[in-house]
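Chain residues, written in single-letter form:
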Amino acid sequence: MFRRRYISSSTPFPNSCSMWVPMKQKSTGGWRSKKKIYRRVHELDRVMELQKKPSLILQLKSIIQSQKQKCLLLRDLEKQVGFVHKWNFMAVIEKYPSIFHVGGGSNRKPPFVTLTEKAEKIANEEEVARELMEPILVKNLRKLLMMSVDCRVPLEKIEFIESELGLPQDFKKAFLPKYGDFFTVKDTNGKPYLYLQNWDASLAVTAREERLAREGVLDSAGAQKRVRITKDGNYSGPNAFKICFPTGFRPNTSYLEQLERWQRMEFPSPYLNARRFELADPKARKRVVAVLHELLSLTMEKRMTSAQLDAFHSEYMLPHKLLLCLIKHHGIFYITNKGARSTVLLKEAYDGSNLIDKCPLLLCNDKFVALSGRREINSCNGKSLS
């Protein structure tokens, strides 16, 4: 996992607003170490903090619902989550009686936990949310395969990001066979791969392009009048990315001029085969940024762990120094070390700590977690994804 190799937060500023990023710079005396500042965004760090309790609540809900009688004996909780984590779940059960009901405890029946009547009613709505998710999942999974160099991805790597995509746990047995016109699983070199059955040119449109279309940005550069880049790094053009600089970052004129040239530069679509391009070409390097942007856009919460992104090097021909690419484009991506794993977030998808657009499954999860007395987690305007 590249976080351990490149990022070190052991020497942060006293106010914890930044961290040092070890890099190398060439000088007359050869290569020497240089430290650059990577500015923290507290609102995005807080995204991970806000997920801790809801994650436990939703995981316990899934465990209870997976039982035959939708009832879990407390003595069996350790088998499900392990001895250490058992105590975290016991604390959640005790803290949220509006969601979890504890019964039994007599000689005749050992202690057990179920969902309360109100929680059970909302939990049952997940089935409807899952049905609404299916066309979104089919579309996103096809796009994921279309971006790969051979229109195929090892099945184990799809499993690695199944929760980020919103796929059901039994997607290999229930979901994929249902959509045999789009997907097929074949063994290649002794390993199962998920293959795309057919190419759909109408899907080869990125989330970035869809946003520009909604904003009315013309595809024809010739039809646009000359527009200068703003101090926040944003530029209205068909090849531009949404930039969100961290608080306290004040780019100088030279930086903005370079950024403007980069924002204006045309680049190949992420849906064109990566083998056609040399990574040394600036346009190809900008295409890599577009690939990372699209990968994150295809996830439910517009984020992946560093390890998950790192796993797709060969499928999308990502650069070896992937972390340095993410750091360089800190106005587009944000890397947080909060939580159990290093995570990469798409900045434009968040308003502060709040996810702007939410799919039906996330809206359903928010409704369930709201029974704990917390306000909706990670939501802004509650808009659904289409």
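Source: prediction; values computed, not measured.

Q: Would you explain the overall build of the chain in this entry?
A: The secondary structure content of the chain amounts to 17 helices and 14 strands. Among the 386 residues that make up the chain, the fraction classed as buried is 47%. Long-range contacts, defined here as pairs at least 24 residues apart, represent 62% of the contacts in the chain between residues at least 6 apart.

Q: I would appreciate a short explanation of helix H12 (residues 253-264) in the present structure.
A: Every α-helix winds through 3.6 residues per turn, so residues three or four apart in the chain are directed the same way. End to end, H12 covers 16 Å across twelve residues, agreeing with the expected 16 Å (1.5 Å per residue, within 8%). Looking only at H12, the buried set comprises Leu256, Leu259, Glu260, Trp262 and Gln263. The buried residues of H12 all sit within an arc of 165° when viewed along its axis, so they share a single face. Against the buried residues of H12 lie helix H13 (282-297). Put simply, Asn252 is the residue that caps the front of H12, since its side-chain oxygen is 3.3 Å from the backbone nitrogen of Ser254.

Q: Just checking my understanding: could you explain the confidence of the model for the chain for this structure?
A: Any segment with low pLDDT has predicted coordinates that should not be analysed in fine detail. Residues at a pLDDT of 70 or more form 84% of the chain, whose mean pLDDT is 86. Note on residues 1-16: pLDDT is under 50 here. Beyond four places in sequence and across chains, it has 33 contacts. The low-confidence segment residues 19-23, where pLDDT is below 50, has 28 contacts with residues more than four positions distant or belonging to other chains.

Q: Which parts of the structure should I look at to understand the sheet that holds strand E7 (residues 183-188)?
A: Strand pairing in a sheet relies on backbone hydrogen bonds, with the paired strands running either antiparallel or parallel. The three strands are arranged E6-E8-E7 in an open sheet whose pairing can be described as antiparallel. The two strands at the open ends of the sheet, each matched to only one other strand, are strand E6 (152-154) and E7. Strand-to-strand, the axes of this sheet are offset by a mean angle of 30°, without reference to chain direction. Alignment of E6 against strand E8 (residues 191-196), held across three bridges, turns out to be antiparallel. Each residue of the ladder has a partner; that of Arg152, found in E8, is Tyr195. Running at roughly 105° to E8, helix H7 (residues 126-147) makes contact with E6, E7 and E8 of the sheet.

Q: Looking at this structure, I do not really get the packing of aromatic side chains. What am I missing?
A: The geometry of two aromatic rings is summed up by the distance between their centres and the angle between their planes. Here the structure, examined in full by the defined rule, presents ten aromatic pairs. Taken together, the aromatic side chains of Phe241, Trp262 and Phe267 make up a single cluster linked through ring pairs. Seen from the ring of Tyr193, Arg152 lies directly overhead, with NZ or CZ sitting 4.7 Å from the centre. When the ring centre of Tyr195 is taken as reference, the NZ or CZ atom of Lys186 above it lies at 5.1 Å.

Q: Sorry if this is basic, but what is going on with helix H5 (residues 83-95) here?
A: Taking 1.5 Å per residue, 13 residues should reach 18 Å; H5 reaches 19 Å between its end C-alpha atoms and fits that length. Elements that come into contact with the buried residues of H5 comprise helix H3 (52-66), helix H4 (77-81), strand E4 (100-103) and strand E5 (112-115).

Q: Where do I start with the pairing of E7 in this structure?
A: For a regular strand, the rule is simple: side chains alternate between the two faces of the sheet. In this structure, E7 lies alongside E8, joined through six bridges in antiparallel fashion. Looking at E8, one finds that Thr184 is bridged to Tyr195. Where E7 hands over to E8, the hairpin turn is made up of two residues, of which Asn189 adopts a positive phi near 55°.

Criteria and thresholds
- Residues numbered from 1 in each chain as written.
- Predicted model: local features only at pLDDT ≥ 70, side-chain atom pairs only at ≥ 80, totals over all residues.
- Heavy atoms only, no water.
- Helix = DSSP H or I, 4+ residues; strand = E, 2+ residues; numbered from the N terminus.
- Buried < 20%, exposed > 50% of the residue type's maximum accessible area, 1.4 Å probe, protein only.
- Contact = heavy atoms within 4.5 Å.
- Expected span 1.5 Å × (residues − 1).
- Arc of directions from axis to C-beta.
- Polar contact = N/O pair within 3.5 Å; in protein donor to acceptor, adjacent residues only side chain to side chain.
- pLDDT = per-residue confidence, 0-100.
- Pairing = 2+ DSSP bridges.
- Axes fitted to C-alpha atoms, helices over the stretch in contact; angles between N-to-C directions.
- Phe/Tyr/Trp six-rings, centres within 6.5 Å; stacked < 30°, edge-to-face > 60°.
- Lys NZ or Arg CZ within 6 Å of the ring centre and 35° of its normal.

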